[in-house]
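Commentary on secondary and tertiary structure
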Amino acid sequence: QQKVQQSPESLIVPEGGMASLNCTSSDRNVDYFWWYRQHSGKSPKMLMSIFSNGEKEEGRFTVHLNKASLHTSLHIRDSQPSDSALYLCAASRSSNNRIFFGDGTQLVVKP
Amino acid sequence: EAAVTQSPRNKVAVTGGKVTLSCNQTNNHNNMYWYRQDTGHGLRLIHYSYGAGSTEKGDIPDGYKASRPSQENFSLILELATPSQTSVYFCASGGGQRKNTLYFGAGTRLSVL
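Everything in this summary refers to the structure shown in the same document. Quick caveat: nothing in here was measured; it's all calculated off a predicted structure. (Residues numbered from 1 in each chain as written. Chains lettered and ligands numbered in written order. Predicted model: local features only at pLDDT ≥ 70, side-chain atom pairs only at ≥ 80, totals over all residues. Heavy atoms only, no water.)

**Quick look at the side chain of serine 49 of chain A**
Residue and element names in this part refer to chain A. Take serine 49: it is sitting in strand S5 (residues 45-50). The buried category is assigned to serine 49, whose relative accessible area is 6%. Excluding its chain neighbours within four sequence positions, the residues that come into contact with serine 49 are Phe33, Trp34, Lys56 and Val63. (Helix = DSSP H or I, 4+ residues; strand = E, 2+ residues; numbered from the N terminus. Buried < 20%, exposed > 50% of the residue type's maximum accessible area, 1.4 Å probe, protein only. Contact = heavy atoms within 4.5 Å.)

Structural data, given as structure tokens:
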């Protein structure tokens, strides 16, 4: 059973544009969310984490979390071709260490 | 940054053969994980471990065994490899100060013929 659903499956944005990615968990006991980025042929690397309601900004990246709806979103402003990658959402309960991943959003930033 | 090393990086196995994938981490993380990633998809959890001597089943454990003989090492064992196990396998460690943020190895590309 898929516990983390991501949308859209793929996204094309122009260079300099805004990319918005979504993630929802079907497990109501999830507490923690992460966004990982995986460039082609590489391993995933943690991009941002969010553990409480609200918004967190780091440079061009902003992540939102609504714990009531178990929804998180990642927004990339001023997108660059180097941002082209597979973006994976991950979720976990604080009560155990199982970490679930979604199928990802494939982002392409066109120059 | 956390260091996780996987070996081998590439492996070709025959159907019915035994395959062992190894993972070593030097960060003293308690938790270690094995995931597989099929083309264009996310990561599916096979086995994980809370510490030396422990192994837990993930979402797709059938056909796989795991072994955690020490804090540093976590192995994934395919006793009777099948073509459906052709995939890229990632090992990760976590459990540091950043609420179990995972650090991944470079991956092992396994082909079962």
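**What about the nonpolar core?**
Across soluble globular proteins, you tend to see nonpolar side chains buried next to one another. By size, the foremost hydrophobic cluster in this structure holds 24 residues, and its most contacted members are Leu74, Tyr87 and Leu107 of chain A. Those elements that place two or more of their residues in this core are strand S2 (10-14), strand S3 (19-25), strand S4 (32-38), S5, strand S7 (61-66), strand S8 (71-76), strand S9 (85-92) and strand S11 (105-110) of chain A. Setting aside residues no more than four positions away along its own chain, leucine 107 of chain A makes contact with Leu11, Val13, Ala19, Ile76, Asp83, Ser84, Ala85 and Tyr87 of chain A. Leu86 of chain A together with Tyr33, Val88 and Phe104 of chain B belong to the second largest nonpolar core, which has 19 residues in total. (Core = buried A, V, L, I, M, F, W, Y, C linked by side-chain atoms within 4.5 Å.)

**Some words on the sheet that holds strand S3 (residues 19-25) of chain B**
All names here are of chain B. Here four strands make up an open sheet; going across it, the order is S1-S3-S8-S7 and the pairing antiparallel. In this open sheet, the two edge strands, each paired with only one partner strand, are strand S1 (4-7) and strand S7 (65-67). Neighbour-to-neighbour, the strand axes of the sheet open up by a mean angle of 20°, direction not taken into account. Across three bridges, S7 lies against strand S8 (residues 73-78) in antiparallel orientation. Bridge pairing in S8 places lysine 65 opposite isoleucine 77. (Pairing = 2+ DSSP bridges. Axes fitted to C-alpha atoms, helices over the stretch in contact; angles between N-to-C directions.)

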